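Residue strings, one per chain:
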Amino acid sequence: MRILITGAAGFLGSHLCTKLLDEGHEVVGMDNFVTGSPANLAHLAGHERFLFIRHDVSDFIFVPGKIDAVLHFASPASPNPLSPYGYVNLPIQTMKAGALGTHNTLGVARAQKARFLLASTSEIYGDPLEHPQTESYWGHVDPIGARSVYDEAKRFAEALTMAYHRYHSIDTRIIRIFNTYGPRMHIDDGRVVPNFMQQALRGEPLTVYGDGLQTRSFCYVDDLVDGIAALLYSDEHDPVNVGNPVETTILEFAHTINRLTNNPAGVIFKPESRIGNDPQRRRPDITRARAILHWEPKIALEEGLQRTIAYFRQKMEAE
Ligand code: NAD
Ligand code: UDP
């Protein structure tokens, strides 16, 4: 296939480009670098089946030549207002990437008779009242809170994707991605993994927000891109959760990173949630992914963290 990937210069997008090129496809990557970096695609420079187009997906998209699949990953993704990459500091861009960007990429899929895959998120469940989260749960979302620019843009994007599927018979897929980590996350991204890694490797205490008893379930990026590819090749049109169901508190997570980096500085507690509505419990129910995609994560947390620590160590030494 010849595949358009938006958000190609970001963390997930760059891994996805590599994965799909490795599987023999042609890839057209698109990005405007608002939170991504050309460095994430440096390893693909000169690749004969890779083309990069610098473009904002909120504007009309033109791609020369035939496209067989469109994967829409362009969107800021970090909730941390202390980071310049945080979507609360890019609120209009975030809503436009989710709304106009989804409209434009669906337009490409329609014009090209291509299949379409939307990168959605566990954030569409909000601060969930149901645990673990199944795809049938409708969520608990504040429509005007600071997180709403991301959550509601993604909810709109899912609705628009289903509208194109039902009304225009577009061959769509929706993946609900749970917290994913690994090499090529931006060091100043502000999400918990780059923050903790950076602090641990500097020998500083890790900043735990609130009491640290809120939970997340962390998936290593190689497992995630395998899940994305499996969904792309499937015929499933309803949303599918993809993530690692092993749940940990943020406090336990901090202690694990300190142990793996031999950081003696411990943790420091910072005031509860930076922007409010910090989801208190998050764990995917991946029953559907297991049944439909025959997919489940393979990489254990400590192994994935070791690989990520090696990346951040090298990045920080180079700076
Ligand atoms: P990222 O910030 O590393 O990557 C996003 C990329 O999209 C960046 O390269 C950015 O420059 C690009 N982008 C943003 N707006 C754009 C626009 N208008 N036009 C062109 N490019 C634009 O974040 P990520 O973690 O790789 O997330 C990628 C996608 O996956 C996002 O849609 C995000 O919502 C989704 N997601 C990620 C996670 C996760 O844990 N990493 C979880 C759930 C969902
Ligand atoms: N968090 C933290 N310290 C940090 C960054 C994040 O304790 O330096 C917490 C945050 O409050 C949340 C969890 O870690 O409970 C995951 O945050 P992240 O920003 O990675 O993304 P989220 O899962 O909230 O979208």
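Look a little higher up for the structure.
Notes on the structure follow. Everything numeric here is computed off the predicted structure, so don't read it as measured data.

How each quantity is defined
- Every chain begins its residue count from 1, and numbering advances along the sequence as written.
- Lettering for chains starts from A, numbering for ligands starts from 1, and both go in the order in which the items are written.
- Residue-level local features of this predicted model are given only where pLDDT is at least 70; pairs of side-chain atoms are given and counted only at 80 or more, and the full residue set underlies all totals for whole chains, interfaces and linings.
- Heavy atoms throughout the structure, all of them, feed into the side-chain values; hydrogens and water do not.
- Should a side-chain nitrogen of Lys or Arg be within 4 Å of a carboxyl oxygen of Asp or Glu, the pair is scored as a salt bridge.
- By definition, any uninterrupted DSSP run of H or I lasting at least four residues is a helix, any uninterrupted run of E lasting at least two residues is a strand, and each is numbered from the N terminus.
- Buried means the residue's accessible area, taken with a 1.4 Å probe over protein chains only, is under 20% of the maximum for its type, while exposed means over 50%, and partly exposed covers the values in between.
- Neighbouring residues are identified by heavy atoms, a residue being near a molecule or strand if any of them is within 4 Å of it.
- Any pair of nitrogen or oxygen atoms within 3.5 Å is treated as a polar contact; in protein, a donor-acceptor pairing is required on top of that, and neighbouring residues in sequence qualify only through side-chain atoms on both sides.
- Using the Shrake-Rupley algorithm and a 1.4 Å probe, accessible areas are obtained, with residue cover drawn only from the displayed protein chains.
- For this classification, Asp, Glu, Lys and Arg are treated as charged, while Ala, Val, Leu, Ile, Met, Phe, Trp, Tyr, Cys and Pro are nonpolar and the rest, including Gly, are polar.

So, on to the pattern of salt bridges. If you walk through the whole model with that rule in mind, you get 18 salt bridges. The shortest N-O distance in the salt bridge between Arg288 and Glu236 comes to 2.8 Å. With Arg288 in helix 7 (residues 287-293) and Glu236 in the loop between helix 5 (221-233) and strand 11 (240-242), this pair connects stretches of sequence that are 52 residues apart. Residue class for Glu236 comes out buried when judged on its relative accessible area of 15%. Taken together, the salt bridges that share partners define one network made up of Glu123, Arg147, Arg216, Asp278 and Arg282.

Of the consecutive residues His131 and Pro132, the connecting peptide bond is found in the cis state with omega at -10°. Tracing the sequence through the fold places Pro132 in the loop between strand 5 (115-121) and helix 3 (148-168). Of note, Asn262 is a non-glycine position whose phi angle comes to about 55°, a positive value. Topologically, Asn262 is positioned in the loop between helix 6 (250-260) and strand 13 (267-270). Exposure remark for Asn262: the relative accessible area of 68% places this residue in the exposed category. A positive phi angle, close to 55°, is found at His294, a residue other than glycine. Note that His294 resides in the loop between helix 7 and helix 8 (301-318). Judged by its relative accessible area of 70%, His294 falls in the exposed class.

Moving on, we get to the site of ligand 2. The environment of ligand 2 is made up of 17 residues, and the closest members are Asn179, Thr207, Tyr209, Arg216 and Asp278. Contact between ligand 2 and Tyr209: an oxygen atom at 2.8 Å from a main-chain N or O atom of the residue. Within the side chain of Arg216, one N or O atom sits 2.6 Å away from an oxygen atom of ligand 2. Protein contact buries 97% of the 520 Å² of open area that ligand 2 shows by itself. Of all the secondary-structure elements, those providing two or more residues to the shell around ligand 2 are helix 4 (192-201) and strand 8 (206-209).

With that settled, the discussion passes to the site of ligand 1. Neighbouring residues of ligand 1: 29 residues in total, closest Leu12, Asp31, Thr35, Tyr150 and Lys154. Take Val57: an N or O atom from its main chain is 2.9 Å from a nitrogen atom of ligand 1. Burial of ligand 1 by the protein amounts to 96% of the accessible area it has alone, namely 820 Å². Residue assignment for the shell around ligand 1 shows that the elements contributing at least two residues are helix 1 (11-22), strand 5 and helix 3. Considered class by class, the residues forming the shell around ligand 1 number 13 nonpolar, 12 polar and four charged.

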